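Descriptive analysis of the structure
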Amino acid sequence: MLLVVLAFAVFLLIGMPVAFAIGISGVLFFLQHPELPFTIPLQVTVSQTQNFALLAVPLFIMAGNYMNRSGITESLLNLASVATGHFKGGLAQISIVLSALMGGVSGSAIADAAMQSRILGEEMTKRGMSRGFTAGVISFTSLLTPLIPPGIGMILYGTIGQVSIGRMFAAGFAPALLLGIAMSIAVWYTSNKRGYPPERAKRASLAEVGSALRGGVWALLFPVILLVGLRMGIFTPSEIGAFAVLYALFIGFVVYRRLKTKSFIEALEISLADVGSAMFLISLSAIFSYGIVFERIPEVIASSLTSLTDNVQLVMVLIVLLVLVAGLFIDATVIIIMMTPIFLPAVRAMGGDPVHFGVVFIVAATIGNFTPPVGAAMFTVCSILRVSVGAYVRESLPLMIAIGLTTLLLIFVPELILLIPNLLFG
Amino acid sequence: QEKHILRMNHVHSPVEAYHSAFQEWAKRVGERTNGGLKIEVFHSAQLGNEEDIIEQIRQGANIGQNTDAARLGNYVREIAVLNGPYFVDTLDEAFALSKLDIVKKWKTELADKHGLQVVCFDFVQGKRHVFANKPVRNPGDLSGLRIRTPPAPIWQESVRAIGAAPTAMSFGDIYPGLQQRAVDGAELTYANIRPSNLQEVIKNVSETGHITLINFEVVSAAWFKKLPADYQTALVEECSAAGQKVSKVLADAAESEKAALVKGGMKVTDNVDLEAFRKAGDAAYKALGLTEVRAAVYKEMGR
Amino acid sequence: MKTLYDYVLKLEAILAGLFLMLMVGLLLLGGVARMMQHPLNWTIDLATCFFAWAVFLCADIAWRKDMLMSLDLVTAKLSERYQRALLFVNYAVIALFLCYAIYGGTLLAWTSRSRTFNGIPGVSYSWVTASIAVGAALMLITTILKIRALMRSDGVPCTAAASGEVA
Ligand code: NA
Ligand code: NA
């Protein structure tokens, strides 16, 4: 596996597209294992496209592109400008709110990042924000999405660790709020330092708010309809993406009448390249993960870790650090499946609360989706916004610090997480 | 001494009895072969989904998979009959299947033609019941209910036969599917419920017992052939032993799991019209052309 | 030859767009049918089959438009001669990988022919696995054309990915 990682680094340095670099270096693992059929890399690549969770990615990319051309984005942004335009970096703040809203809709950080890259990305750069900052904000703030129920990470953790999923769901809200506030401060800090101008000099008047609300009613209705649809059991999360596309088309063709055959085809053409660059990479990264799982690398490292100290909070800090390191290479789902059965019993044995640990663990695991060199949300955002990974990382630092400090707070003050589930479930 | 590794993949979570059973199998085989044949167990389908793994096994990978007759029916059509409604009634009937000539013939065909070596099929998960948000006494009560079913023809037909609308969905989607009412219920064993916290989203169980799920442990036939004879024997014998043991554990656990669920507020419907369900179940065999296959197996069983 | 390839590219774009739109339609149909208490299981199966094809066709489109993300931390600082040399190395390794993907993908489609697709009787999983072989073949053509273009030009082609240009 060491050879694989080295080859990956070399390929990246000579400027090979990340998709090929990850796939080709992953294949090297199979050269070292002649007992495995050499078709496995291709089989796992195809399997990624049969994964329901990833089915949402192309749909939300398309939804984003059609919202741009249907006029929904414009009225949504107008509304955002009225509401937050007097803040510095207003649109970046909107990205935070939108990620929380999407939590109730898709539950997937990757789908959220994919859609926001298309609806907010260019608008943010047009308002003078750097590409790296834009990509960083859209990517890292989608951390909120899996914390608002129904998040697939919580269901996985609850199932593997035999922890009440209802409790996990209830426990997600407060940390999401805290993380949202912390991210908002980080965004404000950067915008202030960079002098990203507010869009308007002063707070919007009531009349302006009213007119923006009337203009934006269809855009606002969108997340509401999706949420209601989901709650009423009309759609499963995988169908919500398709509904989002239909809704954007309906508004574009029928309500605003901004969408014409020509712009319909243009948006589809852009979607083709977007889907190709994001999904090809995500598909090929399965080759790389196969070797990591096969050699049980996370398990080997993890079992040595929990023997270091018997202070449950310190152990949680160590676990978070380890999960972050693993998250550089592996995405959240794989981390949760592989590490829950190792860490949770250790935390339980030290008297830790499984719901408290679970939320912290899921936050740390989800961050793996955003960190280079391998992260599905990062890949999606950076390839759609054409941002180099270096700029993305540099400009995400304030957000990473905000998330890191909040995570420490969540570790050392368990009540923040446990208050709501304890109130609801006793 | 020859060294071999088998990586055993299954979809169950590490807290379920199956996982411990596979680990016990691994331990015993390791002891009997002095560490010559090492089994590494991968829970929660970490190595990949069942269908992918079966393909890898067929191409000779040293991987094993816990699967069922429904999926093996993709290769040897007749074998799916073992997954049909009300096919066997007791554990002993299930354990005796491997001694029937007709079943041995299917096993040989799986190995010779399709590269799939069945190591044992003594892992019985128990009787499956209908878990839904309304009580079910006869097939008519299931009419219009969307019941989550694994995506294999015999499953789909079995559930359709007993009156429901089968809805294919992966196991992990059951919880959100029920919570968001994308389905009205699922057909599962008692032991399936609490490990996946499904009691949080289902309140009724109707004891239809419509399928007794028998699992098969399969490995690559090419890989199996290369093992020394004593390794092969150890692998097969310990598989049966671990399987029969966990099947009994699960059968006993059904009662205690049921009690725990009832205590948690689950309502049990036990006055189910089993005769009506049995009769309805015949339609599944007809739909898949397995009626004669079933008759042939029953004849050999002396049933 | 040139015109034939143009037709192939047109077909590729039309099919990829069609597959994406069909995914949307099928998922909606499935949701509505289930709401009406008539679950249709084949809709999601067909949608994921189209998904596989859409991904690998779109991958070729993205590759041709130089929209696959890469790092340019080191390469951007090198002289043009080295950049050209590295590009050749990249294209050669990628072409080799694509040859493997065509061969392995074809073999996979052949071995998976008796595996039913999500348990639908009579529908083989080969319909899904064939997508990677076809996609890789298209990408190999794209790569060869890139190599040819590089040989014909003197400098380094200014790719969208390297220049940070907006798509
Ligand atoms: Na966001
Ligand atoms: Na990462």
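Treat the numbers as computed from the prediction; the structure is a model and nothing was measured. (Residues numbered from 1 in each chain as written. Chains lettered and ligands numbered in written order. Predicted model: local features only at pLDDT ≥ 70, side-chain atom pairs only at ≥ 80, totals over all residues. Heavy atoms only, no water.)

**As for the overall build of chain A**
For chain A, the count of helices and strands is 22 helices and 0 strands. Dimensions of chain A along its principal axes, counting C-alpha atoms only, are 65 × 50 × 45 Å. In chain A, which comprises 426 residues, the proportion classed as buried is 66%. A fraction of 79% describes how many contacts in chain A between residues 6 or more apart in sequence connect residues 24 or more apart. With an accessible surface of roughly 14200 Å², chain A has 71% of that area assigned to carbon and sulfur atoms. A gap of 12 Å separates the mean positions of the 22 positive and 18 negative side-chain charges of chain A. (Helix = DSSP H or I, 4+ residues; strand = E, 2+ residues; numbered from the N terminus. Buried < 20%, exposed > 50% of the residue type's maximum accessible area, 1.4 Å probe, protein only. Contact = heavy atoms within 4.5 Å. Areas by Shrake-Rupley, 256 points an atom, 1.4 Å probe, with all protein chains shown as cover. Lys, Arg positive; Asp, Glu negative; His and termini not counted. Charge placed at Lys NZ, Arg CZ, Asp CG, Glu CD.)

**Description of the overall build of chain B**
When you go through chain B residue by residue, the secondary structure sums to 12 helices and 9 strands. In terms of overall size, chain B behaves like a compact globule, its C-alpha atoms giving a radius of gyration of 19 Å where 303 residues would be expected to give roughly 19 Å. Taking the principal axes of its C-alpha atoms as reference, chain B extends roughly 60 × 40 × 30 Å. The buried share among the 303 residues of chain B stands at 61%. Taking the intrachain contacts of chain B between residues at least 6 apart in sequence as the baseline, contacts between residues at least 24 apart amount to 77%. Here chain B displays about 11100 Å² of accessible surface, and carbon together with sulfur accounts for 51% of that area. Taken together, the 37 basic and 38 acidic charged side chains of chain B have centroids lying 1 Å from each other. (Rg over C-alpha atoms; globule rule 2.2 N^0.38 Å.)

**Overview of the coordination of the sodium ion (ligand 1)**
All names here are of chain A. For the sodium ion (ligand 1), the protein coordination sphere consists of S95 (O), S95 (OG), S99 (OG), Q116 (OE1) and T141 (OG1), at 2.3 to 2.9 Å. Site description for the sodium ion (ligand 1): donor spacing in sequence, S-x3-S-x16-Q-x24-T. With Q116 in helix α7 (residues 109–119) and T141 in helix α9 (residues 131–141), this pair connects stretches of sequence that are 25 residues apart. Assessed through its relative accessible area of 0%, Q116 is described here as buried. Among the residues examined, T141 registers a relative accessible area of 0% and is labelled buried. (Donors = N, O, S within 2.8 Å, 3.2 Å for Na, K, Ca; no water.)

**What to know about the interface of chain C and chain A**
Between chain C and chain A, the residue contacts involve 63 residues of the former and 63 residues of the latter. Of the roughly 5400 Å² buried at the junction of chain C and chain A (both faces included), carbon and sulfur atoms supply 79%. Our count for the contact surface shared by chain C and chain A stands at 0 salt bridges. Linking chain C with chain A are 4 residue pairs in polar contact (both at pLDDT 80 or more). Of all elements in the fold, only α1 (2–35), α2 (42–64), α3 (80–111), α4 (126–152) and α5 (160–163) of chain C reach the threshold of two or more residues within the side of chain C that touches chain A. Of the residues forming the side of chain C that touches chain A, the biggest block, 14 residues, is contributed by α3 of chain C. A breakdown of the residues in the side of chain C that touches chain A according to their chemical character gives 46 nonpolar, 11 polar and 6 charged. (Buried area = accessible area lost by both parts, 1.4 Å probe. Salt bridge = Lys/Arg side-chain N within 4 Å of Asp/Glu carboxyl O. Polar contact = N/O pair within 3.5 Å; in protein donor to acceptor, adjacent residues only side chain to side chain. Nonpolar A, V, L, I, M, F, W, Y, C, P; charged D, E, K, R; others polar.)

**Some thoughts on the interface of chain B and chain A**
The interface is formed by 33 residues belonging to chain B together with 34 residues belonging to chain A. In total, about 2700 Å² of surface goes out of reach between chain B and chain A, with carbon and sulfur atoms giving 52% of it. Summed over the shared surface of chain B and chain A, the number is 0 salt bridges. Taken together, chain B and chain A are joined by 9 residue pairs in polar contact (both at pLDDT 80 or more). For the side of chain B that touches chain A, the secondary-structure elements that each account for two or more residues are β2 (37–42), α2 (50–58) and α7 (174–179) of chain B. Partitioning the side of chain B that touches chain A into residue classes produces 11 nonpolar, 14 polar and 8 charged.

**As for the side chain of T189 of chain B**
Structurally, T189 of chain B is set in the loop between β7 (185–188) and α8 (190–193). Contacts of T189 of chain B, omitting those with residues within four sequence positions, involve Q125, G126, K127, R128 and F131 of chain B.

**Focus: the environment of I110 of chain A**
Residues and elements named next belong to chain A. Looking at the element boundaries, I110 is found in helix α7. In this structure I110 comes out as buried when scored by relative accessible area, which is 14%. Each C-alpha atom, one on I110 and one on L54, is 8.3 Å from the other, the two residues being 56 residues apart in sequence. Residues in contact with I110, not counting those within four places in the same chain, are V57, N369, A376, A377 and T380.

**A short note on the coordination of the sodium ion (ligand 2)**
Residue and element names in this part refer to chain A. Protein ligation of the sodium ion (ligand 2) involves G327 (O), L328 (O), G368 (O), T371 (O), T371 (OG1) and V374 (O), the donor distances falling in the range 2.2 to 2.9 Å. Classification of the site at the sodium ion (ligand 2) rests on its 6 donor atoms, whose angles at the metal span 71 to 159 degrees, yielding the label irregular. Within one chain, the residues serving as donors to the sodium ion (ligand 2) are arranged as G-L-x39-G-x2-T-x2-V. In this pair, L328 is assigned in helix α17 (residues 312–329) and T371 in the loop between α19 (354–367) and α20 (376–385), connecting sequence segments 43 residues apart. For L328, a relative accessible area of 31% puts it in the partly exposed group. Judged by its relative accessible area of 12%, T371 falls in the buried class. (Tetrahedral: all angles 85-135°; square planar, octahedral: opposite > 155°, others 65-115°.)

**A closer look at the state of the cysteines**
In total, this model carries 1 disulfide over all chains according to the counting rule given. Disulfide pairing places C120 of chain B opposite C239 of chain B at an S-S distance of 2.1 Å. The sign of the S-S torsion, about -65 degrees, decides the handedness of the disulfide formed by C120 of chain B and C239 of chain B: left-handed. Separated by 119 residues along the polypeptide, C120 of chain B in strand β4 (residues 116–132) and C239 of chain B in helix α10 (residues 229–263) bring together distant segments of the chain. Here C120 of chain B matches C239 of chain B in class, with each residue buried. No disulfide involves C49 of chain C; its sulfur sits 14 Å from that of C58 of chain C, the nearest cysteine. (Disulfide = S-S within 2.5 Å.)

**So, the confidence of the model for chain B**
Residue and element names in this part refer to chain B. Mean pLDDT over chain B: 92, with 100% of residues reaching 70 or higher. Mean pLDDT in chain B bottoms out at α7, which sits at 80, and peaks at helix α9 (residues 221–226), which reaches 97. Under the prediction, the complex receives an ipTM of 0.86, its pTM being 0.84. (pLDDT = per-residue confidence, 0-100.)

**Things to note about the pattern of salt bridges**
All names here are of chain B. Counting across every chain of the model gives 32 salt bridges over all chains. Here E109 ties to K113 by a salt bridge, and the two come within 3.8 Å at their closest N and O atoms. Here K113 and E109 lie together in helix α5 (residues 101–114), a separation of 4 residues that amounts to about one turn. Here E109 falls in the partly exposed class, since its relative accessible area comes to 24%. Measuring nitrogen to oxygen at the nearest pair gives 3.9 Å for the salt bridge that ties E275 to R278. Of this pair, E275 and R278 are both found in helix α11 (residues 274–287), 3 residues apart, which corresponds to roughly one turn of the helix. Counted as one network, the salt bridges with shared partners bring together E24, R28, R32, E237, E238 and K245.

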